[in-house]
Amino acid sequence: TGLPGTNYERTFIAIKPDGTERRLVGEIIGRFEKKGFKLVGIKILHPTPEQAAKHYDDLKSKPFFDGLVKYFSSGAVVCMVWEGKDVVKTGRKLIGETNPALSVPGSIRGDLCIEVGRNIIHGSDSTQSANDEITLWFGETEVTNYESPLEKFIY
Ligand code: RTP
């Protein structure tokens with residue numbers, strides 16, 4: 001399981017501190033659930049600046065990096081692992097563009113936020129980064145493989 005290209009592909013989704021603070025957790029989880037994806041890992045934590053910097057390591061040369069680390073470590077983040085066919089790519093579609101102003105209505109950012117620096121949610125951009133991010137935020141025993149007997153209605 002967790003294998004990219006199968007119905008068991010996984011992605012890492014995080015509701016950022018503004019999303020949590022704005023009480024959008026249920027709304028966001030609902031969208032992934034209604035689509036048909038399966039929640040296999042979830043927890044809430046207040047990241048340290050070190051954890052935030054590690055998560056965004058590939059952006060450390062960007063001018064907005066310091067502000068981004070401050071933002072991501074400014075409050076409680078809901079960390080999730082979602083599973084399903086094409087969940088990395090489709091998850092990014094559900095989320096919308098990085099800049100909410102360019103995100104279509106119907107997407108999470110298109111419907112629920114305004115500023116790129118307050119864009120409420122993160123989603124892995126590839127199966128490789130999904131793997132790295134799941135490893136960074138979750139212990140092996142914190143992601144659960146459970147049977148989903150009614151999946152014939154989804155696949
Ligand atoms: P994420 O990693 O959070 O899902 O976002 P993303 O792939 O859509 O965008 P990425 O380029 O990886 O940027 C990561 C996060 O940095 C913030 N950002 N601020 N001020 C700016 O110009 C700027 N650009 C990006 C956003 O919070 C973005 O989600």
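Residues numbered from 1 in each chain as written. Predicted model: local features only at pLDDT ≥ 70, side-chain atom pairs only at ≥ 80, totals over all residues. Heavy atoms only, no water.

Engineer: I'd like a rundown of the pairing of strand S3 (residues 77–83), residues and numbers included.
Structural biologist: Burial of S3 is extensive: 7 of the 7 residues sit out of reach of the surface. Burial of the side chains of S3 extends over both faces: Val77, Cys79, Val81 and Glu83 are buried on one face and Val78, Met80 and Trp82 on the other. Summarising the sheet, strand S1 (residues 10–15) and S3 pair through 6 bridges and their orientation is antiparallel. Bridging from a neighbouring strand, Thr11 pairs with Trp82 of S3. Relative to S3, strand S2 (residues 38–45) is paired through 7 bridges, and the arrangement is antiparallel. Paired with Leu45 across the bridge in S3 is Val77. (Buried < 20%, exposed > 50% of the residue type's maximum accessible area, 1.4 Å probe, protein only. Helix = DSSP H or I, 4+ residues; strand = E, 2+ residues; numbered from the N terminus. Pairing = 2+ DSSP bridges.)

Engineer: Tell me about the site of the ligand, and name the residues and values.
Structural biologist: In the vicinity of the ligand, 13 residues are found, and the nearest of them are Lys16, Arg92, Thr98, Asn119 and His122. One of the backbone nitrogen or oxygen atoms of Val116 is found 3.1 Å away from an oxygen atom of the ligand. In this structure, Gly123 approaches the ligand through a main-chain N or O atom, which is 3.1 Å from an oxygen atom. Contact with the protein chains removes 76% of the 560 Å² of surface that the ligand exposes when unbound. Here the ligand occupies the largest pocket. For the shell around the ligand, the secondary structure elements donating two or more residues are helix H4 (65–72) and strand S4 (121–123). Taken together, the residues that form the shell around the ligand break down as 6 nonpolar, 4 polar and 3 charged. (Near = heavy atom within 4 Å. Polar contact = N/O pair within 3.5 Å; in protein donor to acceptor, adjacent residues only side chain to side chain. Areas by Shrake-Rupley, 256 points an atom, 1.4 Å probe, with all protein chains shown as cover. 1 Å grid on protein atoms, 1.4 Å probe; cavity = no way out; pocket = protein on both sides within 12 Å on 5 of 7 lines; lining within 4 Å. Sits in = over half its atoms within 2 Å of the grid points. Nonpolar A, V, L, I, M, F, W, Y, C, P; charged D, E, K, R; others polar.)

Treat this as a map of the structure, not an account of what it does.
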